[in-house]
Amino acid sequence: MDRAQISKRETVSLPYKNMSFCGREVFVLPGESTPDDLAREITRNLGKYDANGAVYISHLDRLIENYQRWKEYLPRVDMFYAMKCNDDEMVLLLLHQLGVRFECASQREVETVINLGVRPEDVVIGNPTRTGPCLRYFASHGIDLLAVDSEKEMAKIKKLHPKARLLLRVRIVPDSENDVEISLGLKFGCHPNDSRQLLEKAIQLELDVVGITFHIGSGILNTRAYASAIEQVAPLYDIAREIGFDMTILNIGGGIHGGDMAIEKTCEELNRALNIHFPASSGVRVIAEPGRFLVTSLGNLYINILNKREKKALVRGYNALKSDGRRPDSDRGIE
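Attention here is on the structure that accompanies the text. (Residues numbered from 1 in each chain as written. Predicted model: local features only at pLDDT ≥ 70, side-chain atom pairs only at ≥ 80, totals over all residues. Heavy atoms only, no water.)

A look at the pairing of strand S11 (residues 208-213)
Along a regular strand, successive side chains alternate from one face of the sheet to the other. Counting buried residues in S11 gives five out of six residues, a clear majority hidden from the surface. Here five bridges tie strand S9 (residues 165-169) to S11, and the two strands are oriented parallel to one another. Residue pairing across strands places Arg 165 opposite Asp 208, the latter belonging to S11. Judged from the three bridges that link them, S11 and strand S13 (residues 249-251) form a sheet pairing that is parallel. (Buried < 20%, exposed > 50% of the residue type's maximum accessible area, 1.4 Å probe, protein only. Helix = DSSP H or I, 4+ residues; strand = E, 2+ residues; numbered from the N terminus. Pairing = 2+ DSSP bridges.)

Written as structure tokens, this is what we have:
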């Protein structure tokens, strides 16, 4: 069976079994039918109302399959879904029902998951910088697991959310510039060499640092990227112990792409590094913030072609950029 969410608001009558979920229609396709068949039926039924529209089909089975793949490849790593990747209510609710927790970056995102019935303890705030009102909201709603990467943010937390449990966000130094498609190191995280100073500041402010968090970046290209990152942060747990913290959480962030052909090798390297530096006997809970891993393969978008050029023409230059901002490999133009 293949389940597909239909984002259309109109009521349609199609030759498929359907049900209601989150106020929208979910169609269950028999084995011999394909999503393309469903899209054709929808456009036939809705064409007179929305002739120039598009149809987006979400495959809920794929979401479940990706969840199961994660549990198979990374059984020790608890998922906190990075909802910025896809915050559709149906996606969030299904993940919640599967037992997935959530990584949020803003008050709006927290409000969204809380309204779905997610417990405050199942939310981590990955953004290390917040406004004052945002911190007050987190404190009043029991959202206490927060990332931090600066003394100024610590001072703000001391004033507005002193009972927060903090994850020190560390900037990972990549083995090479080709480790990831999009690096986040220049935007967030303290340098590993500054971690002792920040931990000592937390002691001075009587704040509770419970672990380390990092985010290599989006789109892992080097299968050893996670292993290298774990090797870099492991000594920080010894430093924290010397200062007076017993850190029990390691957040390895996101970045594993669901369509990565080398995912098994990446996870193999990651698991090996965890077993060396953070074995189960260490008592350190390992969590992650997968986003694209779960939802990259989720949907198909079908659009109407309004017209086409019948005569071939060579267009010089670049007509498009990839979503990661890099130019295409070839500059020969597009025929």
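Some remarks on the pattern of salt bridges
A full pass over the atoms with the stated rule returns 17 salt bridges. Arg 224 serves as the salt-bridge partner of Glu 231, at 3.2 Å between the closest nitrogen and oxygen. By relative accessible area, Glu 231 is classed as partly exposed at 36%. Here the salt bridges do not stand alone but share partners, grouping Arg 224, Glu 231, Lys 265, Glu 268, Glu 269 and Arg 272 into one network. (Salt bridge = Lys/Arg side-chain N within 4 Å of Asp/Glu carboxyl O.)

Quick word on the packing of helix H5 (residues 132-140) against helix H6 (residues 151-160)
The description of two packed helices rests on the angle between their axes and on the distance between the axes. Across the interface, H5 lies against H6 with an axial gap of 10 Å and an inter-helix angle of 50 degrees. Relative to H6, H5 is oriented oblique. Classified by chirality, the crossing of H6 by H5 is right-handed. On H6, the residues touching Gly 132, Leu 135, Arg 136 and Ala 139 of H5 are Glu 153, Lys 156, Ile 157 and Leu 160. Of the residues assigned to the contact of H5 with H6, the class counts are four nonpolar, one polar and three charged. (Axes fitted to C-alpha atoms, helices over the stretch in contact; angles between N-to-C directions. Parallel < 35°, antiparallel > 145°, perpendicular 65-115°, else oblique. Left-handed = near helix turned anticlockwise from the far one by under 90°. Contact = heavy atoms within 4.5 Å. Nonpolar A, V, L, I, M, F, W, Y, C, P; charged D, E, K, R; others polar.)

Structural notes on the side chain of Glu 269
Examined against the element boundaries, Glu 269 turns out to sit in helix H9 (residues 263-277). In contact with Glu 269, not counting residues within four places along its chain, are Thr 223, Arg 224 and Ala 227.

Shape descriptors only; they carry no functional weight alone.
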